[in-house]
Amino acid sequence: MAKEFKYVIARPWVEWDKSNLCIYTYFSEIHKGTMKDAQNMLKYVKGKTGSEYKEYSIYKVKFKKVE
């Protein structure tokens, strides 16, 4: 069984600031699945019309509680 993880499909908002991401939303911002699931979602997004869609990548999400 493939290991699942949380991920987003995103691209930097601007080239000079890679710390702020534009997240592609498909029913939810954060997805959970296998690497194959993430790759299929990325393929779907990159197949859309528009040059900005080519810039999207898979980003693994880790949560840290803020106190």
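Here we summarise the structure given alongside this text.

What counts and how
- Residues numbered from 1 in each chain as written.
- Predicted model: local features only at pLDDT ≥ 70, side-chain atom pairs only at ≥ 80, totals over all residues.
- Heavy atoms only, no water.
- Salt bridge = Lys/Arg side-chain N within 4 Å of Asp/Glu carboxyl O.
- Helix = DSSP H or I, 4+ residues; strand = E, 2+ residues; numbered from the N terminus.
- Phe/Tyr/Trp six-rings, centres within 6.5 Å; stacked < 30°, edge-to-face > 60°.
- Buried < 20%, exposed > 50% of the residue type's maximum accessible area, 1.4 Å probe, protein only.
- Lys NZ or Arg CZ within 6 Å of the ring centre and 35° of its normal.
- Core = buried A, V, L, I, M, F, W, Y, C linked by side-chain atoms within 4.5 Å.
- Contact = heavy atoms within 4.5 Å.

This next bit is on the pattern of salt bridges. On inspection of all chains with the given rule, the structure shows one salt bridge. Between Lys-32 and Glu-4 there is a salt bridge, and its shortest N-O distance comes to 4.0 Å. In this pair, Lys-32 is assigned in strand β3 (residues 31-33) and Glu-4 in the segment before β1 (5-14), connecting sequence segments 28 residues apart.

In total, this model carries six aromatic pairs according to the counting rule given. Relative to Tyr-7, the ring of Phe-5 lies with its centre 5.6 Å away and its plane at 50 degrees, an arrangement referred to as tilted. With a relative accessible area of 4%, Tyr-7 lands in the buried category. Taken together, a centroid distance of 4.9 Å and an interplanar angle of 80 degrees make the contact between Tyr-26 and Phe-27 edge-to-face. By way of ring pairs, the aromatic residues Tyr-24, Tyr-53 and Tyr-56 are connected into one cluster. We note Arg-11 situated over the ring of Trp-13; from NZ or CZ to the ring centre the distance is 5.8 Å. The cationic tip of Lys-60 hangs over the ring face of Phe-5; the distance from NZ or CZ to the ring centre is 5.5 Å.

This part takes up the nonpolar core. Grouped together as the largest cluster of nonpolar side chains are 11 residues: Phe-5, Tyr-7, Ile-9, Cys-22, Tyr-24, Ala-38, Met-41, Leu-42, Val-45, Tyr-53 and Tyr-56. If you list the elements that add at least two residues to this core, you get β1 and α1 (35-46). The element contributing the most residues to this core is α1, with four residues. Ignoring anything within four residues of it in the chain, the contact list for Val-45 reads Ile-9, Tyr-24, Tyr-53 and Tyr-56.

Shape is all these values report; function is a separate question.
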